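Given next are the chains, with one letter for each unit.
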Amino acid sequence: MILTELFFLVVYLSLVGGLFGVVSLLLSRVLKRALSLWFSLCGLALYGIPVLSPQVRLFSPEPEQRLPAFHMAALVWAMGCLLFLAYRVTRLLLAGKSLRRRPPCQNQRLLGLAAQCAQSLGRKRTPPLLETPLDAPISVAGALRPVLLVDAATLSLLTDAQLQAVLTHELIHIRRHHLLLQRVYDVVCAVHWFNPLVWWMAREAGRNLELCC
């Protein structure tokens, strides 16, 4: 059955990813060791075992030796995936609908500084700036067609140097396609919704995206 075969693969990836995540956490957070490239490559190599050695199985490939509970677990996993994916897609659709209602920013100072920052980063065009009342005075939205959401009233209180800093930060998110990566993390979390370590690693990855900007 295709569903149980997919569940086999997901369980294997969760086991490998969970083990790799725990070891990484122990080395980096507890022992304060920098993770070298070879360590990451060895971890990635473990994910290739089902492809390189398809005969290696976590569970018996014989249907009559599989527990009925395992088939039920595979069904519950598939339903969980659909629910999480439906939730993420619904949020994206609602966010896109909200963005289409946002008026463009008319603050010429902001627009000019955004154009300067985009040019300094080698971008041919400046992403659209939309006015929106958010908790954060500036943020990025849209994985495929990114826009900058700004609260012009709050940002106008900053100096030019401060504005250039925050604008450059958000533009680097766009240049490095971080929002698209976050959507990939959403899919990974939906597929591995039963594994809390995957959620933790996705949160850590999002934190690292902020730090690298």
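These numbers were taken from a predicted model, which means no experiment stands behind them. Throughout this description, residue numbers start from 1 for each chain and increase along the sequence as written. Local features are withheld for residues below a pLDDT of 70 in this predicted model, meaning they are given only at 70 or higher, and side-chain atom pairs are given and counted only at 80 or more; totals for whole chains, interfaces and linings count all residues. Here the side-chain values reflect all heavy atoms present in the structure, with hydrogen atoms and water set aside.

Undergrad: Looking at this model, I keep getting lost on the packing of helix α1 (residues 2-30) against helix α4 (residues 68-101). Mind explaining?
TA: Think of two packed helices as two axes; the pair is described by the angle between the axes and how far apart they sit. Here the axes come from fitting lines to C-alpha atoms, over the contacting stretch only for helices, and the angles between their N-to-C directions go from 0 to 180 degrees. Counting from the N terminus, the helices are DSSP H or I runs at least four residues long and the strands are E runs at least two residues long. Running from amino to carboxyl end, α1 crosses α4 at an angle of 80 degrees, the nearest separation of the two axes being 9 Å. Accordingly, the angle class assigned to the pair α1 and α4 is roughly perpendicular. Counted together, Leu3, Thr4, Leu6, Phe7, Phe8 and Val10 of α1 and Phe70, His71, Ala73, Ala74, Leu75, Trp77 and Ala78 of α4 form the full contact between these two elements. Grouping the constituent residues of the contact of α1 with α4 by class yields 11 nonpolar, two polar and no charged. Each angle receives one of four descriptions, namely roughly parallel if under 35 degrees, roughly antiparallel if over 145, roughly perpendicular if within 65 to 115, and oblique otherwise. Whether two residues are in contact is decided by their heavy atoms: any pair within 4.5 Å suffices. Side-chain classes are defined by residue name, with Ala, Val, Leu, Ile, Met, Phe, Trp, Tyr, Cys and Pro counting as nonpolar, Asp, Glu, Lys and Arg as charged, and the others, Gly among them, as polar.

Undergrad: Teacher, can you tell me more about the layout of surface pockets here?
TA: Any empty space left between the atoms is revealed when a probe the size of a water molecule rolls over them. Here the largest pocket defines a volume of roughly 930 Å³. Here a cavity denotes a set of grid points, spaced 1 Å apart and computed over the protein atoms alone, in which a 1.4 Å probe fits but from which it cannot get out, and a pocket denotes an open set meeting protein on both sides within 12 Å along at least five of seven lines; residues with an atom within 4 Å of a point are reported as lining. Every residue lining the largest pocket is counted, 33 residues in all, and those nearest its centre are Leu92, Ala95, Ala141, Gly142 and Arg183. Where the lining of the largest pocket is concerned, the elements lending two or more residues are α4, β2 (138-141), β3 (147-150), α7 (160-175) and α8 (178-191). By residue number, the principal contributor to the lining of the largest pocket is α4, which donates 12 residues. Grid points are joined across faces, edges and corners, and a volume is the space filled by probe spheres set on the points. In this structure, the second largest pocket occupies an estimated 770 Å³ of space.

Undergrad: Whenever I open this one, the environment of tryptophan 200 confuses me. Can you help?
TA: Summarising the element assignment, tryptophan 200 is placed in helix α9 (residues 196-212). Only protein chains enter the accessibility calculation, which uses a 1.4 Å probe. A residue is then buried if its area is under 20% of the maximum for its type, exposed if over 50%, and partly exposed in between. Overall, tryptophan 200 belongs to the partly exposed group, its relative accessible area being 21%. For tryptophan 200 and glycine 18, which are 182 residues apart along the polypeptide, the C-alpha to C-alpha distance reads 10.0 Å.

Undergrad: How should I be thinking about the sheet that holds strand β1 (residues 129-131) in this particular structure?
TA: Strand pairs in the sheet, formed through backbone hydrogen bonds, run parallel or antiparallel to each other. Following DSSP output, two strands are said to pair if at least two bridges run between them. Taken together, the three strands give an open sheet; going across it, the order is β1-β3-β2, and neighbouring strands pair in mixed fashion. In this open sheet, the two edge strands, each paired with only one partner strand, are β1 and β2. Ignoring which end each strand starts from, the neighbouring axes of this sheet average 30 degrees apart. Where β2 and β3 come together, four bridges link them in antiparallel fashion. Across the sheet, alanine 141 pairs through a bridge with valine 147, a residue of β3. Most of the contacts of α7 go to β2, to which it runs at about 15 degrees, and overall it touches β2 and β3.

Undergrad: Sorry if this is basic, but what is going on with the pairing of β3 here?
TA: Regular strands show a simple pattern: their side chains alternate between the two faces of the sheet. Side chains Val147 and Leu149 project from β3 onto one buried face, and the interleaved Leu148 and Val150 project onto a second face that is buried too. Note that β1 and β3 share three bridges and pair parallel. Counterpart to glutamate 131 in the pairing with β3 is valine 150. Between the end of β2 and the start of β3, which pair antiparallel, lie five residues, with glycine 142 showing a positive phi angle near 95 degrees.

Undergrad: So what exactly am I meant to see when it comes to the state of the cysteines here?
TA: Disulfides are covalent bonds that link the sulfur atoms of two cysteine residues. Cysteine sulfur atoms are paired as a disulfide whenever they fall within 2.5 Å. Applying the stated criterion across every chain, the model contains zero disulfides. Take cysteine 117: it sits in no disulfide, and the sulfur closest to it among the cysteines is that of cysteine 213, at 13 Å. Relative accessible area serves as the criterion here: at 4%, cysteine 117 is assigned to the buried category. Cysteine 212 takes part in no disulfide bond, and the closest cysteine sulfur to it belongs to cysteine 213, at a distance of 4.3 Å.

Undergrad: It is not clear to me how the packing of α8 against α9 should be interpreted in this structure. Could you clarify?
TA: Following both chains from N to C, one finds α8 and α9 inclined at 175 degrees, their axes separated by 10 Å at the closest point. The angle between α8 and α9 places the two elements in the roughly antiparallel class. Here α8 contributes His178, Leu181, Gln182, Tyr185, Val188 and Cys189 to the contact with α9, which in turn contributes Val198, Trp199, Ala202, Ala205, Gly206, Leu209 and Cys212. For the contact of α8 with α9, the per-class residue count stands at 10 nonpolar, three polar and no charged.

Undergrad: I'm lost on the pattern of salt bridges in this one. Help?
TA: Two side chains that carry opposite charge are able to pair once their charged atoms sit near each other. Note on definitions: salt bridges are taken to be side-chain nitrogens of Lys or Arg within 4 Å of carboxyl oxygens of Asp or Glu. Overall, the coordinates contain four salt bridges when judged by the stated rule. Of the charged contacts, one joins glutamate 204 and arginine 207 as a salt bridge, the two residues approaching to 3.9 Å between their closest N and O atoms. Separated by three residues within a single helix, glutamate 204 and arginine 207 lie in helix α9, roughly one turn from each other. The exposure class assigned to glutamate 204 is buried, which follows from its relative accessible area of 13%. For arginine 207, a relative accessible area of 45% gives the class partly exposed. Each of Arg88, Arg183 and Asp186 takes part in a single network of salt bridges with overlapping partners.

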